[in-house]
Amino acid sequence: MSIGQIAIGRNRGYRKRLSKLGLLGWLAVFVLFIFGVIAIFGSALAPHDPNKIDLAYSYVGPIPGHPLGFDELGRDLFSRLLVGARTSLIGPIVLVISTTLIGTSIAILAAWRRGWTDAGLSAGVDIAVAFPGLLLAILLSTVFGASLWVAIAALTLAYTPSLARLLRSSALRETGMDYVKALKVLGFSDSQIIFKHLLPNLAPFIIAQAIIMFGYATLDLGGLSFLGIGVQPPTADWGTMVAAGASGLLQGYPTQTLAAGSCLVLTALSFAVIGDRLARIWGVE
Amino acid sequence: MSTPLIKVSNLSKQYGDLLAVADVSFELPPSGSIGIVGESGSGKTTVAKILVGLERATSGKIEVEGQDWSLPAKNSKERRERAKYLQIVFQDPYSSLDPRQSIGTALREALSISMKDSDEVIVRASELADLVGLPQRILELRPAKLSGGQRQRVAIARALASNPKALILDESVAALDVSIQAQILNLLVDIREQTGIAYILVSHDLAVVRHFADSLIVMKNGNVVERGQTEAVMDQPNHEYTKLLLASVPGPGWVPGKRSI
Ligand SMILES: Nc1ncnc2c1ncn2[C@@H]1O[C@H](COP(=O)(O)OP(=O)(O)OP(=O)(O)O)[C@@H](O)[C@H]1O
Ligand SMILES: [Mg+2]
């Protein structure tokens with residue numbers, strides 16, 4: 001087999017694997033792509049000022065130029081939805097990245113050192129897993145005041161232990177491989193082996209976990225905003241919009257809650273689907 | 001006898017209540033070969049791991065060309081220094097290579113520790129492939145495309161990348177078919193002829209050790225129960241356990257030089 005043929009063979013394998021994403025998987029990718037574009041260009045796309053209050057239009061339904069109508073303060077719902085995409089997605093991104101970084105570090109440290117380091121970290125993780133994240137969020141917000149960053153910090157603390165536990169067992173399996181020992185004996189430093197071999201081999205697993213986590217992060221941050229612990233008004237954000245629309249819901253104006261809620265759920269679902277498909281494609285379930 | 005390349009004195013390793021290695025001593029002369037035989041759990045791998053610094057001995061002394069190796073290397077500089085003396089090939093062909101790396105990348109990476117010139121590294125990598133009898137095209141492949149025997153050849157080539165004075169083979173052929181075992185053992189004999197490398201051959205199979213090792217030690221429950229020149233021990237075993245091991249050997253199996261392609 002020539003090098004050219006090998007390259008083609010690998011390419012074909014790559015395409016075949018991506019096709020396993022399936023219709024639903026590609027639909028999810030499409031949804032997230034659209035939301036991503038909105039998150040980046042939302043302010044420019046919004047037809048009206050998302051924070052302009054006009055009580056005369058309180059709960060007014062769709063009229064020309066205002067496809068979703070107005071919220072309780074007479075602000076344009078469609079514009080708020082578009083502008084809210086950024087906050088609603090940046091929160092989960094920061095949360096997922098911080099959780100993944102901390103969780104992976106703990107897992108690799110435990111698996112690499114083993115012995116007492118592993119025992120100590122694992123005991124800490126076991127205790128932390130049992131601590132409810134919502135309680136933590138309320139606690140932190142009473143101490144530091146409610147903000148998106150406090151909500152992210154609380155959820156990072158809540159998510160990290162279970163991720164670390166999950167990754168630790170894969171990291172243990174990988175560090176137990178003979179090639180890791182062989183590289184040590186050849187004279188490579190711990191960090192060389194960890195960054196050039198261990199992490200790349202764990203990457204598919206870590207990425208799949210992170211994407212699945214993204215779904216939960218969207219919903220949980222939305223939930224905290226809903227409870228008033230996360231994003232603070234008047235910032236447009238899907239979670240706070242669901243909350244703000246709750247009173248309207250009771251009075252027969254469900255549009256705000258439904259629209260913002262659908263965006264949240266759609267984002268969460270898309271991430272869950274992609275994470276699940278990737279985990280299956282990479283065989284890392 | 002010349003001064004030994006490796007001298008192990010009264011080596012012991014305690015795992016909790018278990019004394020996995022108990023007072024083991026042996027010497028390996030330059031370009032010599034020693035077999036470590038014993039049933040599963042007798043402590044062979046533990047001895048090997050202590051030698052290469054993957055485990056810390058509870059007590060005892062290891063000297064390599066007069067340097068004290070009793071404790072594992074303190075830092076990666078010391079690791080790199082020791083790598084030039086002793087390397088190891090493990091048993092499991094399926095975990096001996098990074099699945100993401102092509103064979104060529106793995107060999108070149110191993111060479112990069114001691115060689116800085118990248119052209120030289122590339123040339124040497126293909127020489128190593130030749131040395132272990134692998135066709136050049138294999139350098140492009142990932143481990144998943146290789147047979148168990150081919151993978152062990154790669155593991156041997158990688159271990160030879162640091163040009164070590166001794167190589168530990170911890171059951172390195174045990175997982176392979178008998179005919180493949182013979183090929184690899186022949187290969188090891190050839191490599192010794194070419195490079196003058198010394199071997200520590202760990203095995204539970206006396207037939208493998210028989211024609212390969214000049215001397216051997218027999219381990220049981222961490223203790224050395226028998227030692228001597230291979231022929232002498234085979235002809236006149238003193239310990240009951242050695243007799244038992246010998247009885248389970250079907251006869252002279254592998255003969256060096258008798259080659260199956
Ligand atoms: N990390 C460890 N912790 C605790 N016990 C261990 C550890 N490693 C090995 N042992 C124990 O030490 C003893 C010797 O193990 P070792 O792997 O050296 O045996 P072996 O002779 O290589 O056996 P095999 O032929 O099965 O490879 C065994 O009883 C094993 O269970
Ligand atoms: Mg063993």
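Residues numbered from 1 in each chain as written. Chains lettered and ligands numbered in written order. Predicted model: local features only at pLDDT ≥ 70, side-chain atom pairs only at ≥ 80, totals over all residues. Heavy atoms only, no water.

Our focus in this paragraph is the sheet that holds strand 8 (residues 198–203) of chain B. All names here are of chain B. Within the open sheet, the 6 strands sit side by side as 6-7-8-3-9-10. Their pairing is mixed. Of all the strands in the sheet, the pair left with one neighbour each is strand 6 (86–89) and strand 10 (223–229). Each neighbouring strand pair of the sheet contributes to a mean axis angle of 15 degrees, computed without reference to strand direction. Where strand 3 (residues 33–38) lies against strand 9 (residues 215–220), 5 bridges are found, and the strand directions are parallel. What sits directly across from V37, in strand 9, is V218. Sheet strands in contact with helix 5 (residues 148–160) are strand 6 and strand 7 (166–170), and its direction is about 170 degrees off that of strand 6. (Pairing = 2+ DSSP bridges. Helix = DSSP H or I, 4+ residues; strand = E, 2+ residues; numbered from the N terminus. Axes fitted to C-alpha atoms, helices over the stretch in contact; angles between N-to-C directions. Contact = heavy atoms within 4.5 Å.)

Let us now look at the side chain of R153 of chain B. Residues and elements named next belong to chain B. For R153, the position within the fold is in helix 5. In this structure, R153 is buried with no salt-bridge partner, the nearest side chain bearing the opposite charge being D190 at 8.2 Å. One polar contact links the side chain of R153 to the main-chain carbonyl oxygen of V132, over a distance of 2.9 Å. Not counting residues within four places of it along the chain, the set of residues in contact with R153 comprises V132, G133, L134, Q183, I184 and L187. (Buried < 20%, exposed > 50% of the residue type's maximum accessible area, 1.4 Å probe, protein only. Lys, Arg positive; Asp, Glu negative; His and termini not counted. Salt bridge = Lys/Arg side-chain N within 4 Å of Asp/Glu carboxyl O. Polar contact = N/O pair within 3.5 Å; in protein donor to acceptor, adjacent residues only side chain to side chain.)

Before going further, it helps to spend a moment on the domain arrangement of chain B. Residues and elements named next belong to chain B. As assigned here, chain B comprises domain 1 (1–85 + 168–261) and domain 2 (98–163). Put simply, the middle of domain 1 and the middle of domain 2, counted by C-alpha atoms, are 25 Å apart. Taken together, the 13 residues of domain 1 in the interface contact 12 residues of domain 2. Buried area between domain 1 and domain 2, summed over both chains or domains, comes out near 1,000 Å², and the portion from carbon and sulfur atoms is 73%. Considering only the surface of domain 1 that becomes buried against domain 2, I184, L187 and I191 emerge as the three largest contributors, covering 36% of it. On the surface where domain 1 and domain 2 come into contact, there are 0 salt bridges. Where domain 1 packs against domain 2, one counts 3 residue pairs in polar contact (both at pLDDT 80 or more). Contributions of two or more residues to the side of domain 1 that touches domain 2 are made by helix 2 (76–83) and helix 6 (178–195). For the side of domain 1 that touches domain 2, the leading source of residues is helix 6, giving 7 residues. Split by residue class, the side of domain 1 that touches domain 2 holds 8 nonpolar, 3 polar and 2 charged. (Domains from an automatic or database assignment. Buried area = accessible area lost by both parts, 1.4 Å probe. Nonpolar A, V, L, I, M, F, W, Y, C, P; charged D, E, K, R; others polar.)

Next up on the list: the pattern of salt bridges. Considering all chains together, one arrives at 16 salt bridges over all chains under this definition. R79 of chain B is paired through a salt bridge with D190 of chain A; the nearest N and O atoms lie 2.6 Å apart. On the criterion of chain membership, the pair formed by R79 of chain B in helix 2 and D190 of chain A in helix 8 (residues 190–226) is interchain, its members lying in two chains. Owing to a relative accessible area of 29%, D190 of chain A belongs among the partly exposed residues under this scheme. Residue E109 of chain B pairs with K196 of chain A through a salt bridge whose shortest N-O separation is 3.5 Å. Placement of the pair is E109 of chain B in helix 3 (residues 103–112) and K196 of chain A in helix 8, with the two residues belonging to separate chains. Looking at K196 of chain A, the relative accessible area reads 49%, which means it is partly exposed. Each of D71, E72, R75 and R80 of chain A takes part in salt bridges that share partners, so that together they form one network.

What follows covers the interface of chain A and chain B. Between chain A and chain B, the contact holds 20 residues from the first and 29 residues from the second. Here chain A meets chain B over a buried area of about 2,300 Å², counting both sides, of which 60% is carbon and sulfur. When residues of chain A are sorted by the area they lose upon contact with chain B, D178, V185 and L186 of chain A head the list and together hold 29% of the total. Linking chain A with chain B are 2 salt bridges. At the junction of chain A and chain B, the tally comes to 9 residue pairs in polar contact (both at pLDDT 80 or more). If you list the elements that add at least two residues to the side of chain A that touches chain B, you get helix 1 (3–19), helix 7 (178–186) and helix 8 of chain A.

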